Amino acid sequence: PVCGRLIPVSPGCWAHVNCLAWSSEVVETVAGDLTKVHSMLQRTRKIGCAHCGQPGASIGCNVHRCKRSFHLPCLGPAGALVLADRRVYCEEHRSVKAAARGSALHELPLADRRMRVQPSKRSSPEDWPHGHWLRVGALTVLHRGERPQKPGDPPAGYVARRRHWSTLREEESCWYELRISGAEDGALAFSVLSEHEPERPIECTSALEAVRELYARLRAVSTKPARTRVHYPYSAASFFGWSLEPVQRALHGDERGAAGGAAEEPEEVRNPSGCARAEPVKWRRAVVASTTADGTANHRGKRARYEEDEEAEGLQLGNVEKLRNLNDSARSRFKVKRSNIHGWGLFVKTPIPKGEMLIEYQGWVIRKSIADRLMERYTRAGVPGATDGSYVFKLDDTTQVDATMAGNMARFMNHSCSPNAYSKVIEVGKGPLGKHIVIFARRDLEVGEELQYDYQFALGGEKIACHCGAPNCWGRMN
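Residues numbered from 1 in each chain as written. Predicted model: local features only at pLDDT ≥ 70, side-chain atom pairs only at ≥ 80, totals over all residues. Heavy atoms only, no water.

Peer 1: If you had to explain the packing of aromatic side chains to someone new, which residues and values would you point to?
Peer 2: Two aromatic rings, taken as a pair, are described by how far apart their centres are and by the angle between their planes. Per the stated rule, a full pass over the model turns up eight aromatic pairs. Summarising the aromatic geometry, the rings of Phe-190 and Phe-240 are spaced 5.7 Å apart at their centres and angled 80° between planes, so their arrangement reads as edge-to-face. Here Phe-240 lies in helix α5 (residues 236-240) and Phe-190 lies in strand β14 (residues 188-194), a separation of 50 residues in the sequence. Both residues of the pair, Phe-190 and Phe-240, belong to the buried class. In this structure, Arg-411 is placed above the aromatic ring of Tyr-391, and the distance from its NZ or CZ to the ring centre is 4.5 Å. Positioned over the ring face of Phe-412 is Arg-411, at 5.3 Å from the centre of the ring. (Phe/Tyr/Trp six-rings, centres within 6.5 Å; stacked < 30°, edge-to-face > 60°. Helix = DSSP H or I, 4+ residues; strand = E, 2+ residues; numbered from the N terminus. Buried < 20%, exposed > 50% of the residue type's maximum accessible area, 1.4 Å probe, protein only. Lys NZ or Arg CZ within 6 Å of the ring centre and 35° of its normal.)

What follows is the structure in structure tokens.
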């Protein structure tokens, strides 16, 4: 169990996720990609484990002169010391001074987040040998089909199997065969064949129609009212699977670009003016479906789909241009000077209306575990203002933005119990790097005002004093 789940590395090659993540030279990006995996596998092919003697030992002792390497399951039986910051010391060197600076792990944590192996720069569609299958979750691709001209388009000859709910027996699942056939005139046919109903195949001219027909059958067999409003939360291209990243990589190699995700939507891109910059922007927002009285789907909730609702969570139409030039214009709108609240502060140079986007909070985008170790390092080094975490901004449950040693003018904004600005996390792309922390004006701001917002520190713990002087100030930030 300590090795974790299996994830694909290359065609016909799988590895345990924890074994890869703990390898000495493998690095995990903020997006969950494991880099340098292919070079690590090549290097450790003939390196024997110091405990069991078998090759493939990828976790080395952190003492440079030590040549011992281990498999992940062999660390405990070999008496190695494993620290929370992923340093490993063999039994002989576990008493060195560097090993004393860190907390020991008595049980290795399992990687329960999304992680994948970053493809090699030399990967190409031909790397997928004939007869090899590709598995992505509940989808198994049996044949990738012919390479389409445009990345994201459905490939003719594509064959896959997906485990999904049965259209015949409620509360049971079965296998579906998904097939894309091409005709001589270039038209494509999409078919869905159920394991429980092989005599009733679904054959349509578009993937969207096939998925709609499938879910109409699922709703017909359901006896629960909640199930009658169910629809497939992703696009039809995701259900068939050709738009998924591993399949696109197998079809197009490094030339796939970002078109695979954009092509998941079945609707055509409308651009009447012929100029993309002159057209309104559609932003991704969360959606779930409910069914109206006439049986049509009403999308609202947690699954990604394009919507034109300007009040949706995220950026409103046209604000992406403001975000691009936001930090370039910051010095003409704000200035840093001494504050009566604490140390330095950020002050307004020009009048700003309510609701205006002010500045983006920038810094190092790091995981929470790394942020905790950096905070300990800042405390030992006595970095001014860093011991209480004032410069660390939570981006989501696993990622934070640290502006202690790197950032912009936004790091000088002070806390206030009656703030004139507020912060908001907005998304302009996928993954942690697609999220941005932006400060907005809570009310009209006049020249000379100091920008203040609520730090929203967790309550409790060692007291952090507040000196904002607001009428409702209760003397502490936590």
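Peer 1: Can you lay out helix α6 (residues 245-252) for me, pointing to particular residues and giving the numbers?
Peer 2: Most of α6 sits inside the fold, with six of its eight residues counted as buried. If you check which residues of α6 are buried, you get Val-247, Gln-248, Arg-249, Ala-250, Leu-251 and His-252.

Peer 1: How would you summarise the pairing of strand β26 (residues 435-441) if you had to cite specific residues and measurements?
Peer 2: Across the seven residues that make up β26, a large majority, six, are buried. Here seven bridges tie strand β25 (residues 421-427) to β26, and the two strands are oriented antiparallel to one another. Bridge pairing in β26 places Val-425 opposite Ile-437. (Pairing = 2+ DSSP bridges.)

Peer 1: How would you explain the sheet that holds strand β9 (residues 116-117) if you had to name every residue and give the values?
Peer 2: In spatial order, the strands read β3-β4-β9; together these three strands make up an open sheet with mixed pairing. A strand with exactly one partner marks an edge of an open sheet, and here the two such strands are β3 (27-28) and β9. Alignment of strand β4 (residues 33-35) against β9, held across two bridges, turns out to be parallel. Bridge pairing links Leu-34 to Val-117 in β9.

Peer 1: So what about the pattern of salt bridges? Which residues, and what values?
Peer 2: Applying the stated criterion to the full structure yields 10 salt bridges. In this structure, Arg-200 engages Glu-197 in a salt bridge whose closest nitrogen and oxygen atoms are separated by 3.0 Å. Assessed through its relative accessible area of 39%, Arg-200 is described here as partly exposed. (Salt bridge = Lys/Arg side-chain N within 4 Å of Asp/Glu carboxyl O.)

Peer 1: Tell me about the side chain of Glu-28, and name the residues and values.
Peer 2: By the secondary structure assignment, Glu-28 is in strand β3. Among the residues examined, Glu-28 registers a relative accessible area of 16% and is labelled buried. Those residues in contact with Glu-28 that lie beyond four places of it in its chain are Asp-33, Leu-34, Arg-113, Met-115 and Arg-367. (Contact = heavy atoms within 4.5 Å.)

Peer 1: Describe the nonpolar core, and please don't skip the residues or the numbers.
Peer 2: Counting 31 residues, the largest nonpolar core has Phe-334, Leu-358, Ile-359, Tyr-361, Met-413 and Leu-451 as its most contacted members. For this core, the secondary-structure elements that each account for two or more residues are β19 (344-348), β20 (357-361) and β26. Those residues in contact with Tyr-361 that lie beyond four places of it in its chain are Ser-390, Tyr-391, Val-392, Phe-393, Val-401, Ala-403, Asn-408, Ala-410, Arg-411, Ile-437 and Tyr-453. One finds Val-141, Val-192, Val-211 and Trp-242 within the second-largest nonpolar core, a separate group that totals 27 residues. (Core = buried A, V, L, I, M, F, W, Y, C linked by side-chain atoms within 4.5 Å.)

Peer 1: An account of the state of the cysteines is requested, with residue identities and associated values reported.
Peer 2: Tallied over the full model, the rule gives zero disulfides. Note on Cys-52: no disulfide assigned, nearest cysteine sulfur contributed by Cys-49 at a separation of 3.8 Å. The thiol of Cys-466 is not disulfide-bonded; the next cysteine sulfur, from Cys-468, is found 3.6 Å away. (Disulfide = S-S within 2.5 Å.)

Peer 1: Tell me about a positive patch on the surface, and name the residues and values.
Peer 2: On the surface, Arg-86, Lys-97, Arg-101, Arg-373, Arg-377 and Arg-380 cluster together into a patch of positive charge. The greatest single-element share of the positive patch, amounting to three residues, is contributed by helix α10 (residues 368-381). Relative to the helices and strands, Arg-380 resides in helix α10. Classification of Arg-380 by relative accessible area gives exposed; the value is 64%. (Patch = residues over 30% accessible without salt bridge, like charges linked within 9 Å, V, L, I, M, F, W, Y side chains within 5 Å. Areas by Shrake-Rupley, 256 points an atom, 1.4 Å probe, with all protein chains shown as cover. Lys, Arg positive; Asp, Glu negative; His and termini not counted. Charge placed at Lys NZ, Arg CZ, Asp CG, Glu CD.)

Peer 1: How would you summarise the environment of Val-221 if you had to cite specific residues and measurements?
Peer 2: Take Val-221: it is sitting in helix α4 (residues 207-221). Exposure remark for Val-221: the relative accessible area of 23% places this residue in the partly exposed category. Measuring from C-alpha to C-alpha, the distance between Val-221 and Glu-170 comes to 6.6 Å, with 51 residues separating the pair along the chain. When residues no more than four places from it in sequence are discounted, the contact partners of Val-221 are Ser-166, Thr-167, Leu-168 and Glu-170.

Keep in mind that these numbers describe shape and distance, not what the molecule does.
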